Amino acid sequence: MRNILVTGGAGFIGSNFVRMILEEQKDCFVVNLDKLTYAGNLENLKKYKEHSNHHFVKGDICDGKLVKKLIDEFNVDAIVNFAAESHVDRSIEEPKVFIDTNVAGTLILLEIARDKELERFVQVSTDEVYGSLGPEGVFTETTPLSPNSPYSASKAAADHFVAAFGHTWGIRYNITRCSNNYGQYQFPEKMIPLMINNALNNKDLPVYGDGLYVRDWLYVYDHCTAVWKILTEATPGEIYNIGGCNEKTNLEVVGIILERLGKPDSLIKHVKDRPGHDRRYAIDATKIINELSWEPSVTFEEGIIETIDWYLNNNDWLESVVSGDYQKYYESMYKDR
Ligand code: NAD
Ligand code: DAU
């Protein structure tokens, strides 16, 4: 795989993926197409802006003309589609843009991948398409899709379109379904960086409901290595769950953050719950472990400490993303909770 179009490569996971390729795959050229929404930030790739194997383009995946031009100009072999509206709470407030990017945008990329006969199309999906688990059980790749939020409904719709393009036109695709990521450069609308930022500023930590909701956390670098293995080694048409068996309640995660930062538990504030909040996610990643010999590089206990320390040591980045519009967002999301 030589020339890859990475969409959403200025976001949290996309920028970590681009960085991993530029550091570890010297013969690979990345065209990075990102609309730079509130979640996209070129500072995430500061060191790599001028890298000879990296070409950044500000643009929308819904702009088919631009995507076709980039594919021809850079002889693109494969698309890895990270671009998305990714935050569940925002999808509850404003679902429409989730259809535009996550569904209609993916459809445009699929039509182009089909017409240009690309070697591979990797759709970066999520475990949230499977819905919610009770206290027992795990999601496997054959768990029926049962999305609960507008965000996960849009991701599930995109997954169906990808598989339908494979079935109807034979496009060579893979779908990845990863659990919750954490790590450097995550925008502080998501739970872990939001709690770190609030704790650093001695602000309340808004824990939704009873705080006993369970997420299965994976270090972002480990998600990236899994996507790379799937892109380069998987059989077309296969779907892979990605996860590291790190189930934690939200209160457990918040407790680790407070302890590392030396802040008191009294900062925890239970607030009004997220409507339709999925109770528990847990991933069975046996397929990617057995078929592609993928394994996570760190435990949750190691990764979370590295992550908290990264935010401590990169206060400039954090300060720049929580200024301006973020304050308005925070106010509107949390004032009535
Ligand atoms: P993010 O919100 O941090 O980044 C999304 C990026 O996509 C941003 O840079 C944004 O500017 C860009 N983008 C949005 N709309 C676009 C458009 N129309 N055209 C081009 N670019 C556009 O999201 P993330 O957390 O990095 O997630 C990346 C992908 O991984 C998403 O598809 C998400 O569904 C999936 N995923 C995320 C997680 C997680 O825990 N964060 C877990 C599993 C899967
Ligand atoms: O499972 C994968 C998914 O994980 C991805 O597909 C999504 O893009 C990503 O945003 C994430 O979704 P979640 O809704 O699980 O992540 P979030 O960080 O928003 O919330 C994690 C948990 O923390 C969830 O139970 C809600 C809770 N929470 C979240 C916020 C923002 C709080 O208690 N308080 C908060 O302020």
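Residues numbered from 1 in each chain as written. Chains lettered and ligands numbered in written order. Predicted model: local features only at pLDDT ≥ 70, side-chain atom pairs only at ≥ 80, totals over all residues. Heavy atoms only, no water.

Let's talk about empty space enclosed by the protein
Phase 1: Enumeration over the complete set of coordinates arrives at three cavities of 30 Å³ or more.
Phase 2: Looking at the second largest cavity, its volume works out to about 50 Å³.
Phase 3: Contributing to the lining of the second largest cavity are Val88, Ile92, Glu128, Asn148, Ser149, Arg215, Arg274, Pro275, Gly276, His277, Asp278 and Tyr281.
Phase 4: Residue classes in the lining of the second largest cavity are distributed as four nonpolar, four polar and four charged. (1 Å grid on protein atoms, 1.4 Å probe; cavity = no way out; pocket = protein on both sides within 12 Å on 5 of 7 lines; lining within 4 Å. Points joined across faces, edges and corners; volume = space filled by probe spheres on them. Nonpolar A, V, L, I, M, F, W, Y, C, P; charged D, E, K, R; others polar.)

Here we look at the environment of Tyr208
Phase 1: As for its position among the elements, Tyr208 is in strand 8 (residues 205–208).
Phase 2: In this structure Tyr208 comes out as buried when scored by relative accessible area, which is 11%.
Phase 3: Note: C-alpha distance between Tyr208 and Asp273 (65 residues apart in sequence) is 4.5 Å.
Phase 4: Every residue in contact with Tyr208, bar those within four places of it in the chain, is listed here: Asp89, Tyr213, Val271, Lys272, Asp273, Arg274, His277, Tyr334 and Arg337. (Helix = DSSP H or I, 4+ residues; strand = E, 2+ residues; numbered from the N terminus. Buried < 20%, exposed > 50% of the residue type's maximum accessible area, 1.4 Å probe, protein only. Contact = heavy atoms within 4.5 Å.)

Remarks on the packing of helix 6 (residues 191–200) against helix 8 (residues 250–261)
Phase 1: At their nearest, the axes of helix 6 and helix 8 sit 10 Å apart, and the two run at 40° to each other. As far as their axial angle goes, helix 8 and helix 6 are oblique. Handedness of the helix 6/helix 8 crossing: right-handed. Where helix 6 abuts helix 8, its residues Met191, Ile192, Met195, Ile196, Ala199 and Leu200 lie against Asn250, Val253, Val254, Ile257, Leu258 and Leu261. (Axes fitted to C-alpha atoms, helices over the stretch in contact; angles between N-to-C directions. Parallel < 35°, antiparallel > 145°, perpendicular 65-115°, else oblique. Left-handed = near helix turned anticlockwise from the far one by under 90°.)

Comments concerning the layout of surface pockets
Phase 1: The computed volume of the largest pocket comes to approximately 380 Å³.
Phase 2: Lining the largest pocket are 18 residues; nearest its centre among them are Asp89, Arg90, Glu93, Ser332 and Met333.
Phase 3: At the level of elements, helix 3 (88–93), helix 4 (96–115) and helix 12 (325–334) are the ones that each hand at least two residues to the lining of the largest pocket.
Phase 4: Looking at the lining of the largest pocket, its residues break down into seven nonpolar, one polar and 10 charged.
Phase 5: By volume, the second largest pocket amounts to about 180 Å³.

As for the pairing of strand 6 (residues 173–178)
Phase 1: Most of strand 6 sits inside the fold, with six of its six residues counted as buried.
Phase 2: Residue alternation in strand 6 divides its side chains into two sets, Tyr173, Ile175 and Arg177 and Asn174, Thr176 and Cys178, and both sets are buried.
Phase 3: Across six bridges, strand 5 (residues 120–126) lies against strand 6 in parallel orientation. Across the sheet, Val122 pairs through a bridge with Asn174, a residue of strand 6.
Phase 4: With helix 5 (residues 150–169) bridging strand 5 and its parallel neighbour strand 6, the resulting β-α-β unit is right-handed. (Pairing = 2+ DSSP bridges. Right-handed = clockwise from strand over helix to strand, strands pointing away.)

Section: the packing of aromatic side chains
Phase 1: Summed over the entire model, instances satisfying the criterion amount to 20 aromatic pairs.
Phase 2: One aromatic cluster is present, formed by Tyr38, Phe187, Tyr208, Tyr326, Tyr329, Tyr330 and Tyr334 through successive ring pairs.
Phase 3: The positively charged end of Arg90 is found above the aromatic ring belonging to Tyr38, 3.5 Å away from the centroid.
Phase 4: Across the ring face of Tyr240, the terminal group of Lys287 is positioned such that the distance to the ring centre comes to 4.8 Å. (Phe/Tyr/Trp six-rings, centres within 6.5 Å; stacked < 30°, edge-to-face > 60°. Lys NZ or Arg CZ within 6 Å of the ring centre and 35° of its normal.)

Digging into the state of the cysteines
Phase 1: Under the counting rule described, the total for this entry stands at zero disulfides.
Phase 2: Here Cys178 is not cross-linked by a disulfide; its sulfur's nearest cysteine counterpart is in Cys224, at 9.1 Å. (Disulfide = S-S within 2.5 Å.)

Overview of unusual backbone geometry
Phase 1: The phi dihedral of Asn75 falls on the positive side, at around 50°, and the residue is not glycine.
Phase 2: Mapped onto the elements of the fold, Asn75 is located in the loop between helix 2 (64–73) and strand 4 (78–81).
Phase 3: The residue Asn202 is not glycine, and still its phi comes out positive at about 55°.

Observations concerning the site of ligand 1
Phase 1: Surrounding ligand 1, one finds 28 residues, the nearest of these being Ile13, Asp34, Ser86, Tyr151 and Lys155.
Phase 2: Between ligand 1 and Asp34, the relevant distance is 2.6 Å, taken from an oxygen atom to a side-chain nitrogen or oxygen of the residue.
Phase 3: Lys35 has a polar backbone atom sitting 3.1 Å from a nitrogen atom of ligand 1.
Phase 4: Contact with the protein chains hides 97% of the accessible area of ligand 1, taken as 840 Å² for the molecule alone.
Phase 5: At the level of elements, helix 1 (12–24), strand 5 and helix 5 are the ones that each hand at least two residues to the shell around ligand 1.
Phase 6: Of the residues belonging to the shell around ligand 1, the class tally is 12 nonpolar, 12 polar and four charged. (Near = heavy atom within 4 Å. Polar contact = N/O pair within 3.5 Å; in protein donor to acceptor, adjacent residues only side chain to side chain. Areas by Shrake-Rupley, 256 points an atom, 1.4 Å probe, with all protein chains shown as cover.)

Considerations on the site of ligand 2
Phase 1: Neighbouring residues of ligand 2: 26 residues in total, closest Asp127, Glu128, Tyr151, Arg274 and Tyr334.
Phase 2: One nitrogen or oxygen atom from the side chain of Asn180 is found 2.7 Å from an oxygen atom belonging to ligand 2.
Phase 3: Residue Met191 places a main-chain N or O atom 2.8 Å away from an oxygen atom belonging to ligand 2.
Phase 4: Within the complex, 94% of the 690 Å² of free accessible area of ligand 2 lies under protein.
Phase 5: Looking at the shell around ligand 2, the elements that each hand over two or more residues are helix 3, helix 6 and strand 8.
Phase 6: The class makeup of the residues in the shell around ligand 2 is 12 nonpolar, seven polar and seven charged.

Interpretation in functional terms is not warranted from these geometric data alone.
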